[in-house]
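So you can see what is in the structure, the chains are spelled out below.
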Amino acid sequence: AAAALFHSMRLAGLAPTEYTFVGLLTACIRRGNPRLGTQVHALAAKGRYCGGSLLVANALLGMYVKCGHLEDALRMFYGMEERDVSSWNTVLSGLVVLGTYEEASELFGDMRTGDVAVDRFSLSALLTAATEGFSLPQGAAVHALSLKSGLEVDLSVGNALIGFYAEHGDSVEDVVGVFQRMPVKDVSSWTGLLNGYMEFDLVDNALGVFDQMPERNFVTYNAVLTGFCQNKEGVRVTFAWKAGLQGLGLFRQMLENGLEMSRVTMTSVLNACAIAADRKMSEQVHTFVIKCGCGSSPWIDATLIDMCIKCGRSADARLLFEHWRHQESFHIAWSSLLLSSVRDGEYERASSTFLLMFRSGDIQFIDEFLLTTVLGVCGALGFTELGKQMHLLAAKSGLLHACGVGNAIVSMYGKCGQLENAVTFFQRMPHRDLVSWNALITAHLLHRQGDEIWDIWSQMERLVIKPDSVTFLLIISACSYTDSDSADACMELFRCMSSKYNTEPAMEHFAAVVYVLGCWGHFDEAEQFIASMPFKPGALVWRSLLESCSKQSNMTLRRRAMNHLLALEPQDPSTYVLTSNLYSESAKWHCSENTRLEMREKGIHKIPARSWTFDDNAIHSFFARDRSHPQSKDIYAGLDVLTLECMKDGYEPDTTFVRHDVEEYQKRHFLMYHSAKLAATYGLLMAGSGKIIRVVKNICMCGDCHSFLEHASAATGKEISVRDSNGFHIFRAGICSCRE
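Residues numbered from 1 in each chain as written. Predicted model: local features only at pLDDT ≥ 70, side-chain atom pairs only at ≥ 80, totals over all residues. Heavy atoms only, no water.

1. Concerning the overall build of the protein
The criterion, for reference: In DSSP terms, a helix is any run of H or I states spanning at least four residues, a strand is any run of E spanning at least two, and both are numbered starting from the N terminus. Whether a residue is buried, partly exposed or exposed follows from its accessible area with a 1.4 Å probe, protein chains only, as a fraction of its type maximum: under 20%, in between, or over 50%, in that order.
Looking only at helices and strands, the protein features 40 helices and six strands. Taking all 740 residues of the protein together, 49% fall into the buried category.

In structure tokens:
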């Protein structure tokens, strides 16, 4: 309309004035039409208004800046014969909006050198730049300038100062000081103060400001919502879920007050729902997001997936991911799915999620945290091949220098049975911390190398490396695996934990000492040690005594430990299993069956024994008597042949490991197809020349499987590595590394 009116003026022979051009350029800004603005510029230049009218020149600068043509604005700015503070402010604001903060700082320096008097717009723009891209000293210098020029009391400058100190201040007092000195305050000032308290984790103070505010807008509510999600704990917000519930309550208030719902609002609400972990509420919020049309945003969709995962809706999260169409936030959604699987202990699902992306080649966004997570998955599964590929990826991406990644690599090799690789990598690490040493000790502990661990401990003492509670737990546990009785050394180390190293022993340390004493047959000392504990012994202590008694076949003490365990953990499935097994060993079959019946009636299920092995970057999992594998016929046929060969070598099935009162031939049948035997047989069938068979088992391997694999390694000439819940068993030529 402005352009048409201007055209009518030209037809009527009316000469435009500088105000005509300012009006036209304002219309160009509102319409976002730089093409028309350029034509107006040409017409103004032709009429000699650009050089003759500062008002028109500034309007042109504003048009170019607001329409995103900053280079044209700068070119015009530096060509102007005359400039005023408005000219400088326009270009300064443009540089800040585009995020070119260093250039903005240089321009402000030129402005000061040219003796141009700064005003509130100059300082506000520069403080915005300071908040986003400068350091505290630079922002403090701008603050000093505002004091010198008497502009600190200006509303816009004060608000900008509050925003700066909330982001970069040394303490919240910097924010409060500016706020209190402001003679006039608006809703932005109060919101800035509230945000300052949130930034410094003072949730209660922020809520106090919220209650006192004379006026609130949707930005205020967004600040509180975002603060709840950032500060999951506070004085009044004791637990994370309470913060989430308060955030959702605030969202309800926004709806009741009819306030605007921005994407920031929706993202914060989804985060609050994820923190509260309320499934029903998450479904309601999800429905609201879809109804209000926010679901098409890449960042909201990514937050939706995270919320679904944390509210127990993993199936919905995967369904959302299957229909993903946002490339810019794809890696965030994918990472959320991966990390949720790790958090839930679903390592196989985590590895398949990662392998899907890894094989596609789209792994450019993998950072230190994600790489460390995947290495942890490889270690948990014993997935050596993938772990080695992650090691190479870390080297190619330059992440090997990161201590966290290095620690994860040491841990991964240790848990995958690659002890030599773990030690070699540890020795080559440019930077080590205590976690590095603990990872190395853990690797040796998994291989039952107690004496080697004591050598590492001696080395740590020489290097004056201060141990933590984890270190002590590992060293104490290593005393069970030394070549000679190290119970005395264990007790000495335990005593000096607090006196020499200022580390108070926890329940885990007492349990570890009990296990060591029991392993070396010092049962009287173990009972005396338990009686002398400064607090009531927990289930972990009695379980340690029970396990050590099992090794030494001390039935009397086992029963006593079992009674304590039953009293402390009556609902634990493993307690029922241990009780049933204890009855079975005493041939009290009726009592054993009653225990199992009680489990079924209470709906308590024991963890099923499962073993897995690897072939062609894939995991092959087996349960006892499992026929679900595509090659199960070949596996069972191979196992039958291997069993006959082992029997020729002297293997005899030990049916005492069958805890059921059935006929002898049935016991032998139960033993033949344990999960470890199925996994090892599959590994042997697929193994090439010189390949080590690697099996991982989720619980302790039974004695019969141990004997079978000893004979299998002799009969096949293959090395078989099995990692169970107690550590590694390396079977070579009929001998196991565990020496048990």
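2. Details of the pairing of strand β3 (residues 693–697)
To keep it simple, the criterion reads: Note: two strands are recorded as paired if DSSP finds a minimum of 2 bridges between them. Every crossover in which the path from the first strand over the helix to the second runs clockwise, viewed with the strands pointing away from the viewer, is termed right-handed.
Of all five residues that make up β3, five are buried, and the element is covered over most of its length. Side-chain alternation along β3 places Ile693, Val695 and Lys697 on one buried face and Arg694 and Val696 on a second face that is also buried. Two elements, strand β1 (residues 610–615) and β3, share three bridges in a ladder whose sense is antiparallel. Across the sheet, residue Thr613 finds its bridge partner in β3, namely Val695. The pairing of β3 with strand β4 (residues 720–724) spans four bridges and is classified as parallel. By the bridge assignment, Arg694 is partnered in β4 with Ser721. Note on the crossover from β3 through helix α40 (residues 703–716) to β4: the handedness is right-handed.

3. Topic: the environment of Arg668
Stated formally: We call two residues in contact when some of their heavy atoms are within 4.5 Å.
Here Arg668 lies in helix α38 (residues 664–672). For the pair Arg668 and Pro653, spaced 15 residues apart in sequence, the C-alpha to C-alpha distance is 6.6 Å. Excluding residues within four positions of it along the chain, Arg668 makes contact with Met647, Glu652, Pro653 and Thr655.

4. Some words on the sheet that holds β4
Within a sheet, neighbouring strands are paired by backbone hydrogen bonds and run either parallel or antiparallel to one another. Read across the open sheet, the six strands follow the order β2-β1-β3-β4-β5-β6; overall the sheet is mixed. Lying at the two open borders of the sheet, with one neighbouring strand each, are β2 (618–623) and β6 (735–736).

5. Examining the packing of helix α24 (residues 384–396) against helix α25 (residues 403–415)
The test is simple: Between N-to-C directions, angles span 0 to 180 degrees; the directions come from axes that are lines fitted to C-alpha atoms, helices contributing only their stretch in contact. Oblique is the label for any angle not covered by the other classes, which are roughly parallel (under 35 degrees), roughly antiparallel (over 145) and roughly perpendicular (65 to 115). In this scheme, a crossing is called left-handed if the near helix is turned counterclockwise away from the far one by less than a right angle; it is called right-handed if the turn is clockwise. Following the grouping adopted for this structure description, the nonpolar residues are Ala, Val, Leu, Ile, Met, Phe, Trp, Tyr, Cys and Pro, the charged ones are Asp, Glu, Lys and Arg, and the polar ones are all others, Gly among them.
Relative to each other, α24 and α25 sit at 160°, their axes nearing to 10 Å. The pairing of α24 with α25 is recorded here as roughly antiparallel in orientation. As for the relative orientation of α24 and α25, their crossing is left-handed in sense. Here α24 contributes Gly387, Lys388, His391 and Ala394 to the contact with α25, which in turn contributes Val405, Ile409, Met412 and Tyr413. Residues that form the contact of α24 with α25 fall into these classes: five nonpolar, two polar and one charged.

6. A short note on the UniProt feature "repeat: PPR" (unreviewed entry) in the protein
Formally: UniProt positions are given in the numbering used here, feature names are shortened, and annotations may be inferred rather than shown by experiment.
Under the local residue numbering, the UniProt record ascribes the feature "repeat: PPR" (unreviewed entry) to residues 84–118, 186–220 and 433–467. The span residues 186–220 is 74% helical and 0% strand by assignment, and the distance between its end C-alpha atoms comes to 12 Å. Its end C-alpha atoms 10 Å apart, residues 433–467 is made of 74% helix and 0% strand.

7. With respect to empty space enclosed by the protein
To keep things clear, this is the line we draw: Space inside and on the surface of the protein is sampled on a 1 Å grid over the protein atoms alone, with a cavity defined as a set of points where a 1.4 Å probe fits but cannot get out and a pocket as an open set with protein on both sides within 12 Å along at least 5 of 7 lines; lining residues have an atom within 4 Å of a point. Grid points are joined across faces, edges and corners, and a volume is the space filled by probe spheres set on the points.
Per the stated rule, a full pass over the model turns up two cavities of 30 Å³ or more. Size it by volume and the largest cavity reaches roughly 40 Å³. What lines the largest cavity is Gly382, Lys415, Cys416, Arg694, Val695, Val696, Ser721 and Phe728. With three residues, β3 is the largest single contributor of residues to the lining of the largest cavity. Per-class residue counts for the lining of the largest cavity are four nonpolar, two polar and two charged. Looking at the second largest cavity, its volume works out to about 40 Å³. As for the second largest cavity, its lining consists of Ile309, Ser314, Arg318, Leu337, Ser340, Ser341, Asp344, Glu346 and Arg349. Those elements giving two or more residues to the lining of the second largest cavity turn out to be α20 (314–322) and α21 (330–343). In terms of residue count, α21 provides more of the lining of the second largest cavity than any other element does, three residues in total. Residues that form the lining of the second largest cavity fall into these classes: two nonpolar, three polar and four charged.

8. Digging into the confidence of the model for the protein
Detail in the predicted coordinates should be disregarded across regions flagged by low pLDDT. In plain terms, the rule: Each residue gets a pLDDT score, which is the predictor's confidence in that residue and runs from 0 to 100.
For the protein, per-residue confidence averages 82 on the pLDDT scale, and residues scoring 70 or more make up 88% of the total. Least confident of the elements in the protein is helix α4 (residues 49–52), whose mean pLDDT is 55; most confident is helix α27 (residues 434–446), at 97. A low-confidence stretch, residues 233–241 (pLDDT under 50), is modelled with 18 contacts involving residues beyond four sequence positions or located in other chains.

9. Focus: the pattern of salt bridges
Here is the rule we go by: Just to be clear on terms, a salt bridge is a Lys or Arg side-chain nitrogen sitting within 4 Å of an Asp or Glu carboxyl oxygen.
This structure, assessed with the given rule, holds 13 salt bridges. When the shortest N-O distance is used, the salt bridge between Glu645 and Lys648 registers 3.5 Å. Separated by three residues within a single helix, Glu645 and Lys648 lie in helix α37 (residues 632–648), roughly one turn from each other. By relative accessible area, which is 66% here, Lys648 ends up exposed.

10. Some thoughts on the state of the cysteines
Test applied: Here, the term disulfide refers to a pair of cysteine sulfur atoms separated by no more than 2.5 Å.
Enumeration over the complete set of coordinates arrives at zero disulfides. In this structure Cys705 is a free cysteine whose sulfur lies 3.6 Å from that of Cys702, the closest cysteine sulfur available. Residue Cys705 is classed as buried on the basis of its relative accessible area of 1%.

11. Side note on the packing of aromatic side chains
Here is the rule we go by: Here is the rule: rings of Phe, Tyr and Trp (six-membered ring for Trp) pair when centre to centre is within 6.5 Å. Planes less than 30 degrees apart are stacked, more than 60 are edge-to-face, and the remainder are tilted.
Under the definition given, this model contains 14 aromatic pairs. An angle of 65° between the planes, with centres 5.1 Å apart, marks the rings of Phe164 and Tyr165 as edge-to-face. Taking relative accessible area as the criterion, Phe164 reaches 0% and is therefore assigned buried. Between the aromatic rings of Phe510 and Phe535, the centroid separation amounts to 5.2 Å while the plane-to-plane angle is 80°, which identifies the pairing as edge-to-face. Taken together, the residues Phe510 in helix α31 (residues 507–519) and Phe535 in the loop between α32 (523–531) and α33 (539–552) connect sequence positions 25 residues apart.

12. A short note on α21
The cut-off we apply is this: In this analysis, the expected span of each helix is defined as 1.5 Å times one less than the number of residues it contains.
With 14 residues, α21 should cover 20 Å at 1.5 Å per step; its first-to-last C-alpha distance of 20 Å lies within 8% of that length. Every buried residue of α21 is accounted for by Phe330, Ala333, Trp334, Ser335, Ser336, Leu337, Leu338, Ser340 and Ser341. Within two residues after α21, Gly345 carries a phi angle of roughly 75°, on the positive side.

13. Structural notes on a negative patch on the surface
Condition: Like-charged residues are merged into a patch within 9 Å and nonpolar side chains (Val, Leu, Ile, Met, Phe, Trp, Tyr) within 5 Å, provided each residue has over 30% relative accessible area and no salt bridge. In this description, accessible areas are obtained by the Shrake-Rupley approach with a 1.4 Å probe, and a residue is regarded as covered only by the protein chains that are shown. Residues scored as charged are limited to Lys and Arg (positive) and Asp and Glu (negative), so that His and the chain ends carry no count. To locate a charge, the coordinates of NZ of Lys, CZ of Arg, CG of Asp or CD of Glu are taken.
On the surface, a cluster of negative charge is made up of Glu102, Glu103, Glu106 and Asp110. Note that Glu102 resides in helix α8 (residues 101–113).

14. Focus: unusual backbone geometry
Its identity as a non-glycine residue notwithstanding, Val464 has a phi of 55°, on the positive side. Structurally, the position occupied by Val464 is in the loop between α28 (450–462) and α29 (469–478). For Val464, a relative accessible area of 72% translates into the label exposed. Backbone geometry places Asn617, a non-glycine residue, at a positive phi of 55°. Within the element layout of this structure, Asn617 appears in the loop between β1 and β2.

15. Quick notes on the pairing of β2
In this sheet, β2 lies alongside β1 in antiparallel orientation, the contact comprising six bridges. Across the sheet, residue Thr613 finds its bridge partner in β2, namely His620. Between the end of β1 and the start of β2, which pair antiparallel, lie two residues, with Asp616 showing a positive phi angle near 55°.

16. Considerations on the environment of Leu70
Its place among the elements puts Leu70 in helix α6 (residues 70–79). On the basis of relative accessible area, Leu70 is assigned to the buried category, the value being 10%. Each C-alpha atom of the pair Leu70 and Gly94 lies 6.9 Å from the other, and the pair is 24 residues apart in sequence. Excluding residues within four positions of it along the chain, Leu70 makes contact with Tyr64, Val65, Gly94, Leu95 and Leu98.

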